[in-house]
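# Survey of secondary and tertiary structure
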Amino acid sequence: MSRFVQLHLLTSYPPSNLNRDDLGRPKTAMMGGAQRLRVSSQSLKRAWRTSDVFGEGVKGHVGTRTKALGTEVYAALTAKGVKPADALEWAKTIAAVFGSPKNVNKSEGRVEIEQLAHISPEERAAVDALVEELAARGKGPEKEELDLLRPGQTAVDIALFGRMLAAAPAYNVEAATQVAHAITVHKVAVEDDFFTAVDDLNKGDEDRGAGHMGETEFGAGLFYLYVCIDRELLRENLQGDSELANRALDALVRSAATVAPSGKQNSFGSRAWASFVLAEKGDHQPRSLSVAFLNPVAGDNMLGAAIDRLNTTRERMDEVYGMSWQSCAMNAHEGKGSLRELIGFVAG
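Residues numbered from 1 in each chain as written. Predicted model: local features only at pLDDT ≥ 70, side-chain atom pairs only at ≥ 80, totals over all residues. Heavy atoms only, no water.

The next point concerns empty space enclosed by the protein. Within the structure shown, the criterion is met by two cavities of 30 Å³ or more. What the largest cavity holds in volume is close to 110 Å³. Lining the largest cavity we find 14 residues, and of these Thr 11, Tyr 13, Leu 44, Ala 182 and Leu 225 sit closest to its centre. Looking at the lining of the largest cavity, the elements with two or more residues in it are β1 (4–16), α1 (41–49) and β11 (212–230). Partitioning the lining of the largest cavity into residue classes produces 13 nonpolar, one polar and no charged. Around the second largest cavity sit Ser 16, Asn 17, Leu 18, Asn 19, Pro 26, Lys 27, Leu 37, Arg 38, Val 39 and Phe 223, which together line it. When residues in the lining of the second largest cavity are grouped by element, the largest group, three residues, is from strand β3 (residues 34–39). Classifying every residue of the lining of the second largest cavity by side-chain character gives five nonpolar, three polar and two charged. (1 Å grid on protein atoms, 1.4 Å probe; cavity = no way out; pocket = protein on both sides within 12 Å on 5 of 7 lines; lining within 4 Å. Points joined across faces, edges and corners; volume = space filled by probe spheres on them. Helix = DSSP H or I, 4+ residues; strand = E, 2+ residues; numbered from the N terminus. Nonpolar A, V, L, I, M, F, W, Y, C, P; charged D, E, K, R; others polar.)

The following block contains the structure:
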C-alpha cells in the first residue's frame, strides 16, 4: 500500500468572507509579490469535521472538541438530584482529567478547562458512565475511576487531525493529515461593501433614512488547496482498522471537495464544490504544487490555465526528480472523471 496520499484542489468562490482576520477582513497572504486571499487550515478542518458530509461518512466515530465538558457534567449531575456543591466539585475533578479547570463559576454552574480538549466517543462514554455511577451512589469519584482517557480510540477526526492534551501528553495523537492554507492562484484586491437596512415599520412619513448602515469586506477567487495524508499513520491511529481508515479517507475527500467554510455564508451564499481535484499516492517525500502559482494566473480562462499549470508543474517535477506518483484526477471543468473514481483511487 502506498503510504502517502496528496490532494490538490482548485475551488472557485464568488464574493465571500469565508475566513476573517482580527479586523473582520478576509484573510490574505503575499505570494509571488502579489496579495492573495487565504483560508486557514484551521477554518477548513473545522468546516470539514463538523459537516454532515463527514459525520454521515463516519457515523459514531467523531469526537468533540470543547472546554465545557465539566459544565455538562455539572448539569447532568444536578439533573439527577446531586447537590450543587457536590456536583461542582465532582465536575471539576472529572474535567481536570482533560485539562486544568480555569473558568469555574458556582452560581452559573460553569466548569471550563484552560484549553480545548478533543474528546473521543469512547472517552465521552466513560465520562457519562461515571456520572451515572456517582449520581446513583451519592459519593465522589475514586482515583481509579478517573482513568477516563483512552490510548486506543476510533475518533476519525482525532486520527486525521490529531490532538494535544497539555494535562496528559501521553494521550496526544499525531495528526495523519496535513492541510495547507488555501490561497488564490491569482492576485486579489479586498473590496468594501456598504449596505443599509430598512425599518419595516418606518413608513417614511417623517424619516426616509435607513434603519441601519454598515460595511463589510469581501473578496472572490479561485483557490488552490493542498492536503497530505499519511495512510499508515491514519490506520495506526485507528488501531489498525483498515475499513474505518478507508471510510475516513472517503469522508475527508468528499468534505474537502464539497464543504465550504461557514464564514458569512448567510450574507454571501458562497457555497462551492471543487472544479478540479488531482489525487496522487506513493511512498516518496510529499510536496505541494503551490509553486505552479508563484506567478499569479491571469486571463479570461483562469480555471483552465490553473489546471494546465498544475499538471505541467507536476510533470516537470516528476521528470527532473525522477520520482513519479500514481495519479487520478476529477475535472468538473471539462466533465472528466468522477468523485467516486477519485475516492476509490485514494482508498484503494
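With respect to the helices and strands, Thr 154 occurs in the loop between α5 (121–137) and α6 (156–161). For Thr 154, the side chain forms a polar contact with the side chain of His 61, separated by 3.0 Å. Among the polar contacts listed, one links the side chain of Thr 154 to the side chain of Glu 122, at a separation of 2.5 Å. (Polar contact = N/O pair within 3.5 Å; in protein donor to acceptor, adjacent residues only side chain to side chain.)

So, about helix α11 (residues 339–347). Along α11, the positions that sit buried rather than exposed are Leu 339, Leu 342, Ile 343, Phe 345 and Val 346. Summarising the axial view, the buried residues of α11 lie within an arc of 160°, below the 170-degree limit, and thus occupy one face. (Buried < 20%, exposed > 50% of the residue type's maximum accessible area, 1.4 Å probe, protein only. Arc of directions from axis to C-beta.)

Evaluated as defined, the whole model comprises 18 salt bridges. When the shortest N-O distance is used, the salt bridge between Lys 92 and Glu 89 registers 3.6 Å. With a gap of three residues between them, Lys 92 and Glu 89 both fall in helix α4 (residues 84–95), about one helical turn apart. For Lys 92, a relative accessible area of 27% puts it in the partly exposed group. Assessed through its relative accessible area of 41%, Glu 89 is described here as partly exposed. A network of salt bridges, in which partner residues are shared, links Glu 280, Arg 287, Arg 314 and Asp 318. (Salt bridge = Lys/Arg side-chain N within 4 Å of Asp/Glu carboxyl O.)

Turning our eyes to something else, we now look at unusual backbone geometry. Backbone geometry at Gln 239 places phi at a positive 60°, although glycine is not the residue there. Inspection of the secondary structure assignment puts Gln 239 in the loop between α7 (231–237) and α8 (242–258). Among the residues examined, Gln 239 registers a relative accessible area of 46% and is labelled partly exposed. Phi is positive for Lys 264, which is not a glycine, with a value near 55°. Topologically, Lys 264 is positioned in the loop between α8 and α9 (265–268). Classification of Lys 264 as partly exposed rests on a relative accessible area of 27%.

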